[in-house]
Amino acid sequence: MLGAYLPILLLVIVAIGFGLVSLVMSSLIGPKKFSVLKMSPYESGCEPVGTGQERFSIKFYLIAMLFILFDIEAVFLYPWAILYKKLGMFGLIEMGIFIVILFVGYIYVWKKGALEWE
Amino acid sequence: MENLNGYLIISAILFSIGTIGVLTRKNAIVIFMCVEMMLNAVNLTFVALSRHLGNLDGQVFVFFVMTVAAAEAAVGLALMIAFYNNKESIDVDDINLMKW
Amino acid sequence: MDMITIPAVNFTPILPEIFLSVLAMVLLLINVFIPGDRKAYLGYLSFVGIVAAGVLVAAGWGGHIESFSGSVVLDNFATFFKMIFLVSAGLAVLISDQYMEREGCNHGELYPLILFTVVGMMLMASGTDLMTIFLGLEVMSVALYVLAGFNRKNPKSNEAGLKYFLLGCFSTGFLLYGMALTYGATGTTRIAKIAAVVGQMSLPSANIMLVAGMLLMLTGFAFKIAAAPFHMWTPDVYEGAPTPMTAFMSAGPKAAGFAAALRIFLVALPTLQVEWSQVLWVLAVLTMTVGNITALRQDNIKRMLAYSSIAHAGYALVGFTAGNGTGTAGILFYMLSYAFMNIGAFAIIILVGKKGESNGNVQDFAGFGVKHPVLAVAMSIFLFSLAGMPPTAGFIGKFYLFSGAIQQGYIWLAIIGVLNSAASVYYYLRVMVFMYMKDPTEEFDWMQVTAPMALCVAISVIGSLIPGIIPSLILQFAQQAIKLI
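Undergrad: Give a detailed account of the overall build of chain A, specifying residues and quantitative values.
TA: The number of helices and strands found in chain A is four helices and zero strands. Taking all 118 residues of chain A together, the buried fraction comes to 1%.

What follows is the structure in structure tokens.
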């Protein structure tokens, strides 16, 4: 029974091996000539300006947090979607209440301005 | 299920790793990640026991635990950001305004 | 197409929770749609809502209704604790507006958060399934993390919120693991069924999974009620959180933790009582002693009351260790009277305090008795009640707790409790010495005794005195509450 997984094992070995071999060979065989230009961080062709540390802006966190919360709402909606017909009206009303509760939260977030990017 | 013990041992190990992480780490976010690991170890325990007992109660519990963990994550990170805005650091050694 | 048969659901047990959740959401929307800085009307609305919920809860007295296939119950036990939560929330709402205006936080979201906390606590009290108790616990805790850290500009409040959050999540992990192991040992999460399964086991204390689960759950609950050695978060969180939230946190969630712990340990695991009462004995002694000894050295009155609340949880643990009718009724009585006396004391502290949480030391009460005699008398009543002197409610509560312990044969426990109570008199009466026997150093003219604050103080005075003078009034309710569990 485990033999059916053999191709996957081979795939994993080949993938890891490919990455390892490229890294090892390039560090062993490649020339090592350092220059200031080659060691500076890559910034799509432009000259790098300023240090790499930026002041943390809070909007990234807000988006992530809202994503988690509404994603969990979606997680609860999926099983209901599968059994939609069997749960009938009861399921509809109950999930409707659930969505309304989260909708209140959504209105609050919207009006507070957390969805503005700038 | 013949290897229930294996699952329980693994989740106990995960739980211990999480506990040790909470007690020894300095970065508040890493501490929270270790707490999440503890909660997920408990999830594993619940699912393994549910499968062993033939009951679905454990798996329903897992649903709730995951939701609660997500909500706690949101709130906890908000608290950490409020702290960071005041103190410019999330090192728990800097949470030192109140002592004896 | 076969429909899944939905079992009939009776919404009566959770009617107060539904009402308060809807009210909280409505308040949230009102807060965000009506601009402006004065948010006092939200406080009045939430107070009216809490009183209405109190009427709803009181209407459920005397019944026993199970719902949601036995995971939620409406019985006297739940009703009594729900009244405790509503009392603490109502008093906290009354005193929070003045404080928040003074500190300059925009506090429109405070009231919905308090209401959500109450909903979580109510679920904890009426839950008869480990899942429901866990859900209620988490709803309460998440809202409390935000409430502890509510004052975002104050670094102490940030610190309090973060500490409470990290340690609270940590203890939730332990509680959950305990619940998982109990589920594994018994095969069910319903408390009544756990009791049945454990009762049928031949040697329950040999079942390692069950004992380990019980101990881990005890650890989780011991954190929530701030029992030593899991009390380290309490002083910092209580000192840093905004004072009305500290008042709320010291009364409501502690009672909620006791409610859930009582239900789990007295109903589900009574056959293991020998084991867990031994652990609780040690916890009770440690808690009382640590709380009282460390409170002796405190100057900041908020911190002193925080340590004293640890000691009071210790006294309640004495009743828990006893586990008999008197002790458990004593716990219920004590939690109710503690809500009144502690929140009353915090109300006076808010009145005496100045902006930025300054003026919070015991020495700042000097001469208070001369300048504001009525408030000083009220504060004295609260302090006497906390110290456990007759004829206040605190005395009757301690009396019942300790006599419950003596009835079960825990003589030494009761002796240690009485000694600790005597030791606590020192730091409570120290405030009274400053109020009455020292010369006033300031004029106390920044104090604004508004109507809500006066109402809170008045209600707390009544609540601290009446159960002490006529104990049977509340005690009969407490005894009826524990009869069914």
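Undergrad: Describe the overall build of chain B, with residues and values.
TA: For chain B, the helix and strand inventory stands at three helices and zero strands. Helices (α) and strands (β) of chain B occur, in sequence order from the N terminus, as α-α-α. Its C-alpha atoms give chain B a radius of gyration of 17 Å, clearly above 13 Å, the size a compact globule of 100 residues would have. The principal-axis extent of the C-alpha atoms belonging to chain B is close to 50 × 25 × 20 Å. Per-residue burial over chain B gives 34% buried out of 100 residues. Within chain B, contacts between residues at least 6 apart in sequence are counted, and of these 48% link residues at least 24 apart.

Undergrad: Residues and numbers for the packing of helix α3 (residues 76-103) of chain C against helix α19 (residues 471-483) of chain C, please.
TA: The angle between the axes and the distance between the axes are what describe a pair of packed helices. Residues and elements named next belong to chain C. Interhelical geometry of α3 versus α19 gives an angle of 135 degrees and a closest axis separation of 7 Å. Between α3 and α19, the interaxial angle falls into the category oblique. Listed contacts from α19 to N76, F77 and F80 of α3 are F477, A478, Q480, A481 and I482. The residue makeup of the contact of α3 with α19, split by class, is six nonpolar, two polar and no charged.

Undergrad: Explain the interface of chain B and chain C residue by residue, including any values.
TA: Each partner contributes residues to the interface: chain B has 32 residues there, and chain C has 32 residues. Mapped by element, the contributors of at least two residues to the side of chain B that touches chain C are α1 (4-24), α2 (28-53) and α3 (57-87) of chain B. Per element, the largest residue contribution to the side of chain B that touches chain C is 16 residues, and it comes from α3(B).

Undergrad: Which residues make up the domain arrangement of chain A, and what values do they have?
TA: You can read the domains of chain A as domain 1 (1-30) and domain 2 (56-118). For domain 1 of chain A and domain 2 of chain A, the distance between their C-alpha centroids amounts to 42 Å.

Undergrad: Account for the confidence of the model for chain A, naming residues and giving values.
TA: Do not read the fine detail of predicted coordinates wherever pLDDT is low. The share of residues in chain A with pLDDT of 70 or more is 85%, and the mean pLDDT across the chain is 84. Helix α2 (residues 36-39) of chain A is the least confidently modelled element of chain A, averaging 71 in pLDDT, while helix α1 (residues 6-29) of chain A averages 93, the highest of any element.

Undergrad: With reference to specific residues and values, describe helix α6 (residues 155-186) of chain C.
TA: All names here are of chain C. With 32 residues, α6 extends 46 Å between its outermost C-alpha atoms, agreeing within 8% with the 46 Å of an ideal straight helix rising 1.5 Å per residue. α6 sits mainly inside the fold: 30 of its 32 residues count as buried. Among the residues trailing α6, G187 stands out with phi positive, at a value near 85 degrees.

Undergrad: Hey, could you go over the environment of A12(B) for me, with residue numbers and the actual values?
TA: Along the polypeptide, A12(B) turns up in helix α1. Remark: the alpha-carbon pair of A12(B) and L44(B), spanning 32 residues in sequence, is separated by 9.5 Å.

Undergrad: Report on unusual backbone geometry, specifying residues and quantitative values.
TA: Residue P229(C) follows A228(C) across a cis peptide bond; omega there is 0 degrees. Of note in the backbone geometry, S69(C) takes a positive phi value of approximately 50 degrees without being a glycine.

Undergrad: Explain the environment of V65(B) residue by residue, including any values.
TA: Within the fold, V65(B) resides in helix α3. Separated by 44 residues in the primary sequence, V65(B) and G21(B) place their C-alpha atoms 20 Å from one another.

Undergrad: Account for the packing of helix α3 (residues 58-82) of chain A against α3(B), naming residues and giving values.
TA: Packing of α3(A) against α3(B) leaves a shortest axis separation of 9 Å and a crossing angle of 165 degrees. As judged from the angle between their axes, α3(A) and α3(B) are roughly antiparallel. In this structure, the crossing between α3(A) and α3(B) has a hand that is left-handed. Across the interface between the two elements, I58(A), Y61(A), M65(A), I68(A), L69(A) and I72(A) from α3(A) touch T67(B), A70(B), A73(B), A74(B), L77(B), A78(B) and I81(B) from α3(B). Looking at side-chain class alone, the contact of α3(A) with α3(B) contains 12 nonpolar, one polar and no charged residues.

Undergrad: Explain helix α4 (residues 110-126) of chain C to me, and be specific about the residues and the numbers.
TA: Counted at 1.5 Å a residue, the expected span for α4(C) with its 17 residues is 24 Å, and the 25 Å between its end C-alpha atoms agrees. Where burial is concerned, most of α4(C) is hidden: 17 out of the 17 residues are buried.

Undergrad: Got a sec to walk through the environment of F382(C)? Specific residues and values, please.
TA: Residue and element names in this part refer to chain C. Along the polypeptide, F382 turns up in helix α15 (residues 373-387). The buried category is assigned to F382, around which 27 C-beta atoms lie within 10 Å. Look past the residues within four positions of F382 in its chain and what remains in contact with it is M341, G344, A345, S460 and S464.

Cut-offs and rules
Residues numbered from 1 in each chain as written. Chains lettered and ligands numbered in written order. Predicted model: local features only at pLDDT ≥ 70, side-chain atom pairs only at ≥ 80, totals over all residues. Helix = DSSP H or I, 4+ residues; strand = E, 2+ residues; numbered from the N terminus. Buried ≥ 20, exposed ≤ 12 C-beta atoms within 10 Å, placed from the backbone. Rg over C-alpha atoms; globule rule 2.2 N^0.38 Å. Contact = placed C-beta atoms within 7 Å. Axes fitted to C-alpha atoms, helices over the stretch in contact; angles between N-to-C directions. Parallel < 35°, antiparallel > 145°, perpendicular 65-115°, else oblique. Nonpolar A, V, L, I, M, F, W, Y, C, P; charged D, E, K, R; others polar. Domains from an automatic or database assignment. pLDDT = per-residue confidence, 0-100. Expected span 1.5 Å × (residues − 1). Left-handed = near helix turned anticlockwise from the far one by under 90°.

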